[in-house]
Amino acid sequence: MDLSFLISNPLINVSVISWAAAQGIKTLIDSVKHKQFDRHRLAGAGGMPSSHSAVTCSVLLTSYYLYGFNSPSFALAFVMALIVMYDATGVRWAAGLHARAINHIVEFLESEGSPEGQRALRELIPKLNESLGHRVREAICGAGLGFLIAILGHMIRQGRFSIF
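A brief report on the enclosed structure follows. (Residues numbered from 1 in each chain as written. Predicted model: local features only at pLDDT ≥ 70, side-chain atom pairs only at ≥ 80, totals over all residues. Heavy atoms only, no water.)

**Some details on a nonpolar patch on the surface**
Residues L76, F78, V79, M80, L82 and I83 make up a contiguous nonpolar surface patch of roughly 560 Å² in combined accessible area. Looking at where M80 falls in the secondary structure, it is placed in helix α3 (residues 72–89). (Patch = residues over 30% accessible without salt bridge, like charges linked within 9 Å, V, L, I, M, F, W, Y side chains within 5 Å. Areas by Shrake-Rupley, 256 points an atom, 1.4 Å probe, with all protein chains shown as cover. Salt bridge = Lys/Arg side-chain N within 4 Å of Asp/Glu carboxyl O. Helix = DSSP H or I, 4+ residues; strand = E, 2+ residues; numbered from the N terminus.)

The structure is reproduced here in structure tokens:
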């Protein structure tokens, strides 16, 4: 069975590589920062660099290389990259701040209540994920990573760079 079609789309290839690279770097940074490995960071949101920015910017630049500035593919990739990065640094960042505030409120209420009330409260409101969005610098670093991977992919396709 020929599975070569799985690697036949450069836009998908560059997005998967960008996501994996960003998540790997993010996990490494988190491991150094906290002096322990957390496997959940491999697929988690938030942190440095933004995998969302890396993916969308790698697709953006690759679509430019493949189809040109005036192509519908480039236009769509451009708009999606702007929306994703705006969302990551705005809406999702604010949602993370809200989660942090709710977690603090629940912790305070737990410390003040009875053991039965504490269990009931935690069942009602589980600990929320506070790492949802990105600081602007995290989105910019993710974008830079995505552009770098797209450039390397372009060079490989052009035969100007070989990984073997």
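After that view, the rundown keeps rolling.
**Describing helix α1 (residues 10–34)**
Each α-helix turn comprises 3.6 residues. Residues three or four places apart therefore point the same way. Look at α1: 36 Å from first C-alpha to last across 25 residues, which is about the 36 Å you get at 1.5 Å a residue. By the burial criterion, the buried members of α1 are L11, V14, S15, S18, A22, Q23, K26, T27, D30 and S31. Where α1 is buried, its residues meet α2 (51–67) and α6 (136–157). Two residues or fewer after α1 comes K35, characterised by a positive phi angle close to 60°. (Expected span 1.5 Å × (residues − 1). Buried < 20%, exposed > 50% of the residue type's maximum accessible area, 1.4 Å probe, protein only. Contact = heavy atoms within 4.5 Å.)

**Some thoughts on the environment of V79**
As for its position among the elements, V79 is in helix α3. Residue V79 is classed as partly exposed on the basis of its relative accessible area of 42%.

**Comments concerning unusual backbone geometry**
Located in the positive-phi region is K35, a residue other than glycine, with phi close to 60°. Summarising the element assignment, K35 is placed in the loop between α1 and α2. In this structure K35 comes out as exposed when scored by relative accessible area, which is 74%.

**Looking at the packing of α1 against α2**
As a packed pair, α1 and α2 sit with axes 8 Å apart at the nearest point and diverge in direction by 150°. Judged by the angle between their axes, α1 and α2 are roughly antiparallel. Considering only the axes of α1 and α2, their crossing is right-handed. Along its contact with α1, which presents P10, L11, V14, S15, S18, W19, A22, Q23 and K26, the element α2 presents S51, A54, V55, S58, V59, T62, S63, L66 and Y67. Across the contact of α1 with α2, the residue classes break down as 10 nonpolar, 7 polar and 1 charged. (Axes fitted to C-alpha atoms, helices over the stretch in contact; angles between N-to-C directions. Parallel < 35°, antiparallel > 145°, perpendicular 65-115°, else oblique. Left-handed = near helix turned anticlockwise from the far one by under 90°. Nonpolar A, V, L, I, M, F, W, Y, C, P; charged D, E, K, R; others polar.)

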